[in-house]
Amino acid sequence: MRKLMRKWNWLCPPLMMAVAVWIFTLLGFTVWAAVFMALLLVCPAIIIYALVKMTRSKAGLSPETLHTRGMPLDVLAPIYDRYCPLIGLGRAFRQTTIRYAELMSGDSVLDVGCGTGVLTRLAALAVGPTGYVIGIDPAAKMIGVAKKNAVEQGSQAEFRLAVIENLPFEENRFDCVLSSAMLHHLPPDVKMNGLSEVKRVLKPGGRLIVVDVDRPAIFLWWVILWPLLFWSFTEEQVKGRIGALMLRAGFSRAEKVGSWGGFLGFWKVYK
Ligand SMILES: C[S@@+](CC[C@H](N)C(=O)[O-])C[C@H]1O[C@@H](n2cnc3c(N)ncnc32)[C@H](O)[C@@H]1O
């Protein structure tokens with residue numbers, strides 16, 4: 001029963017939204033007002049619940065998953081590739097990230113917190129057979145799916161279990177590091193250690209491409225995402241301090257180059 005519930009628990013948020021909309025319409029709200037009220041109440045509640053659960057509980061982690069004070073995402077591994085496009089992080093989003101990375105044939109690239117490796121495989125295509133691309137993640141189930149996808153698609157991308165705060169690579173190794181939707185998985189001190197590690201493994205003049213939760217540009221996102229202001233993992237990012245964070249980690253320059261969906265920012269950061 002527990003297994004079945006775990007398999008279908010992703011249905012809870014949409015169901016809660018639907019029930020809330022229904023209740024508000026029964027109370028006499030128009031449909032649009034009911035949707036707005038449901039967003040106002042249900043989304044922050046779901047976010048707070050998910051954050052508390054994910055940060056406190058180690059449930060759902062596979063035994064091979066590496067220890068980190070960040071949030072490994074084993075639990076989403078089986079549905080991750082289907083889930084991302086549903087929330088707007090599909091092919092166009094990935095290709096935009098690759099475009100900002102300006103990868104060249106022969107580049108060596110590290111993807112930190114690579115998840116199922118969608119972006120890692122696109123990077124491998126961009127650098128061609130003379131390049132080298134590796135994705136790391138502490139979540140054993142994510143790395144398992146990433147390796148399987150790479151074999152099925154004939155990708156040369158490699159994958160390895162590792163954490164950003166202790167990268168198993170020599171210094172000045174990579175031309176480019178990609179960090180897609182992973183910084184918000186780290187508490188502030190781990191984030192700082194991880195960024196210092198990224199700087200260490202980048203070649204002089206190398207670049208880090210970050211896409212992550214940033215200061216919301218649309219009022220609606222503030223309505224939904226305000227709990228992130230009170231969570232140490234995201235507080236600085238939501239307050240719009242990604243650039244300052246990068247400079248504090250020792251990078252020489254950080255510029256925001258784009259945004260996605262009004263709450264994710266693309267950053268280009270130089271060693
Ligand atoms: C939201 S997923 C993003 C996956 C992928 N980069 C993408 O764009 O789809 C965040 C990933 O960060 C990983 N993660 C969590 N803590 C980490 C750490 N300390 N070091 C590296 N990755 C970590 C999680 O396991 C998860 O796979």
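Residues numbered from 1 in each chain as written. Predicted model: local features only at pLDDT ≥ 70, side-chain atom pairs only at ≥ 80, totals over all residues. Heavy atoms only, no water.

Taken domain by domain, the chain holds domain 1 (2-56) and domain 2 (74-270). Computed from C-alpha coordinates alone, the two centres of domain 1 and domain 2 are separated by 28 Å. Of the residues lining the interface, nine residues belong to domain 1; the matching set on domain 2 comes to nine residues. Of the roughly 930 Å² buried where domain 1 meets domain 2, counting both sides, 92% is carbon and sulfur surface. At the junction of domain 1 and domain 2, the tally comes to zero salt bridges. Where domain 1 meets domain 2, there are zero residue pairs in polar contact (both at pLDDT 80 or more). (Domains from an automatic or database assignment. Contact = heavy atoms within 4.5 Å. Buried area = accessible area lost by both parts, 1.4 Å probe. Salt bridge = Lys/Arg side-chain N within 4 Å of Asp/Glu carboxyl O. Polar contact = N/O pair within 3.5 Å; in protein donor to acceptor, adjacent residues only side chain to side chain.)

Here the focus is the environment of glycine 154. Tracing the backbone through its elements, the reader meets glycine 154 in the loop between α7 (140-152) and β3 (158-161). On the basis of relative accessibility, which here comes to 67%, the residue glycine 154 falls in the exposed class. Between the alpha carbons of glycine 154 and arginine 121 there is a distance of 9.5 Å; along the sequence they are 33 residues apart. (Helix = DSSP H or I, 4+ residues; strand = E, 2+ residues; numbered from the N terminus. Buried < 20%, exposed > 50% of the residue type's maximum accessible area, 1.4 Å probe, protein only.)

Bringing the pattern of salt bridges into the picture now. The tally for this structure, following the rule as stated, stands at 12 salt bridges. When the shortest N-O distance is used, the salt bridge between glutamate 102 and lysine 268 registers 2.2 Å. Highlighted residues: glutamate 102 in the loop between α5 (91-101) and β1 (108-112) and lysine 268 in strand β7 (residues 264-270), separated in sequence by 166 residues. Among the residues examined, glutamate 102 registers a relative accessible area of 51% and is labelled exposed. For glutamate 236, the salt bridge identified is with arginine 241, shortest N-O distance 3.9 Å. Residue arginine 241 is classed as partly exposed on the basis of its relative accessible area of 38%. What you see here is one network of salt bridges that share partners, running through Glu236, Arg241 and Arg248.

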